[in-house]
Amino acid sequence: HLTIPGDNPAARYAHSAAAIGQGKLLIFGGIGGGSVMLGDTWVYDSGANSWVKINYSVSPSSRQYSAMQYCGQDGKAYLFGGLGGPGLFNDLWKYDSGTWSLVEGAGRSPTPRYGCGMAYDPASGGIIVFGGKVSGGFLDDTWIFNPGSGTWQEQPAQTDRPSPRWNFTFSYLPDAGYCLLFGG
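Note that the structure is predicted; figures quoted are calculated from it, not measured.

S.K.: Quick one: what's the story with the overall build of the protein chain, residue by residue and with numbers?
M.R.: For the protein chain, the helix and strand inventory stands at 0 helices and 14 strands. Ordered by position from N to C terminus, the α and β elements of the protein chain give β-β-β-β-β-β-β-β-β-β-β-β-β-β. Against the 2.2 N^0.38 benchmark of 16 Å for 184 residues, the protein chain shows a C-alpha radius of gyration of 16 Å, consistent with a compact globule. When each of the 184 residues of the protein chain is scored for burial, the buried share is 40%. Residue pairs at least 24 apart in sequence account for 45% of intrachain contacts in the protein chain once pairs closer than 6 positions are excluded.

S.K.: Can you tell me about the layout of surface pockets, naming the residues and giving the values?
M.R.: Take a probe with the size of a water molecule and roll it over the atoms, and the empty space left behind shows itself. Here the largest pocket defines a volume of roughly 430 Å³. Taken together, 19 residues make up the lining of the largest pocket; nearest its centre are I128, F130, T142, Q158 and P162. Those elements that place two or more of their residues in the lining of the largest pocket are β10 (126-134), β11 (137-146) and β14 (178-182). The element contributing the most residues to the lining of the largest pocket is β11, with 4 residues.

S.K.: Can you lay out the packing of aromatic side chains for me, pointing to particular residues and giving the numbers?
M.R.: Inspection of the entire model under this criterion finds 14 aromatic pairs. Between W42 and W51 the ring centres are 6.5 Å apart and the planes differ by 85 degrees, which places this aromatic pair in the edge-to-face class. Classification of W42 as buried rests on a relative accessible area of 7%. The cationic tip of R63 hangs over the ring face of F89; the distance from NZ or CZ to the ring centre is 3.9 Å. The ring of W166 has K133 lying over it, and the distance from NZ or CZ to the ring centre is 4.8 Å.

S.K.: Which residues make up the sheet that holds strand β8 (residues 99-102), and what values go with them?
M.R.: The sheet built from 4 strands is open, its strands ordered β5-β6-β7-β8 with antiparallel pairing. Two strands lie at the open edges of the sheet, namely β5 (67-71) and β8, each paired on one side alone. Recorded for the sheet is a direction-independent mean angle of 25 degrees between the axes of neighbouring strands. Pairing between strand β6 (residues 76-84) and strand β7 (residues 87-96): 7 bridges, direction antiparallel. Note on β7: the bridge partner recorded for L79 is W93.

S.K.: Now, about the side chain of S16: what can you tell me, with residues and values included?
M.R.: Along the chain, S16 falls in strand β1 (residues 16-19). A polar side-chain atom of S16 sits 2.6 Å from a polar atom in the side chain of S66. Setting aside anything within four residues of it in sequence, one finds S16 in contact with L26, I27, F28, S66, A67, M68 and L79.

S.K.: Go over the sheet that holds strand β2 (residues 24-31), please, and point to the residues and values.
M.R.: Read across the sheet, 4 strands follow the order β1-β2-β3-β4 without closing on themselves; strand pairing throughout is antiparallel. Looking at the sheet topology across the chains shown, the edges are occupied by β1 and β4 (50-54). Averaged over all pairs of adjacent strands, the angle between their axes in this sheet comes to 20 degrees, without regard to strand direction. Summarising the sheet, β2 and strand β3 (residues 37-45) pair through 7 bridges and their orientation is antiparallel. Note on β3: the bridge partner recorded for I27 is W42.

S.K.: Which residues make up a nonpolar patch on the surface, and what values go with them?
M.R.: Among the surface-exposed residues, L173, Y178 and L180 lie close enough to one another that they form a single nonpolar patch of about 270 Å² accessible area. Mapped onto the fold, L180 is located in strand β14.

S.K.: Please set out the pairing of β1 residue by residue, giving values where relevant.
M.R.: What you see with β1 is a clean split: S16 and A18 sit on the buried side and A17 and A19 on the side with no burial. Where β1 lies against β2, 4 bridges are found, and the strand directions are antiparallel. The partner of A17 across the bridge, within β2, is I27. Between β1 and the antiparallel strand that follows it, β2, lie 4 residues; G21 among them carries a positive phi value of about 85 degrees.

What counts and how
- Residues numbered from 1 in each chain as written.
- Predicted model: local features only at pLDDT ≥ 70, side-chain atom pairs only at ≥ 80, totals over all residues.
- Heavy atoms only, no water.
- Helix = DSSP H or I, 4+ residues; strand = E, 2+ residues; numbered from the N terminus.
- Rg over C-alpha atoms; globule rule 2.2 N^0.38 Å.
- Buried < 20%, exposed > 50% of the residue type's maximum accessible area, 1.4 Å probe, protein only.
- Contact = heavy atoms within 4.5 Å.
- 1 Å grid on protein atoms, 1.4 Å probe; cavity = no way out; pocket = protein on both sides within 12 Å on 5 of 7 lines; lining within 4 Å.
- Points joined across faces, edges and corners; volume = space filled by probe spheres on them.
- Phe/Tyr/Trp six-rings, centres within 6.5 Å; stacked < 30°, edge-to-face > 60°.
- Lys NZ or Arg CZ within 6 Å of the ring centre and 35° of its normal.
- Pairing = 2+ DSSP bridges.
- Axes fitted to C-alpha atoms, helices over the stretch in contact; angles between N-to-C directions.
- Polar contact = N/O pair within 3.5 Å; in protein donor to acceptor, adjacent residues only side chain to side chain.
- Patch = residues over 30% accessible without salt bridge, like charges linked within 9 Å, V, L, I, M, F, W, Y side chains within 5 Å.
- Areas by Shrake-Rupley, 256 points an atom, 1.4 Å probe, with all protein chains shown as cover.
- Salt bridge = Lys/Arg side-chain N within 4 Å of Asp/Glu carboxyl O.

The following block contains the structure:
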């Protein structure tokens, strides 16, 4: 159990989190007490053992079950999708040195969804998005976002792929050289 002095984020679930380097953890949104949807951003600094609430003039809207991933290629965190007041999102946001910005990707992008998985693949330099939930059920599609070109590319469906699902764990295992999907 770690005691962290000072201001701390409210208790929550269905939020997004990503380790962003230098011993820091970024969290965004989720659902707080009284089922209130949150749209706040916090950064935990392990060196200082403290949380800092970041206030922005531009940031993602309040949402739950979005996906977040740190990208080793450009040193930024990306937040995708989620479920909010107006419905499902398929927007992509970039967190860079304390600033959120909306990423205007070229071409097609994944359909709006929530509860999808997101993992960084250093071999391709891309961020992989898999599955999620839509109003009509679950998804089993795979997309890769290329931070260098700012484009999405849908991957061809393969017969040997995970079944449609949402709210699972999806991580890249650097020593193994592949992504592992579990649960959902």
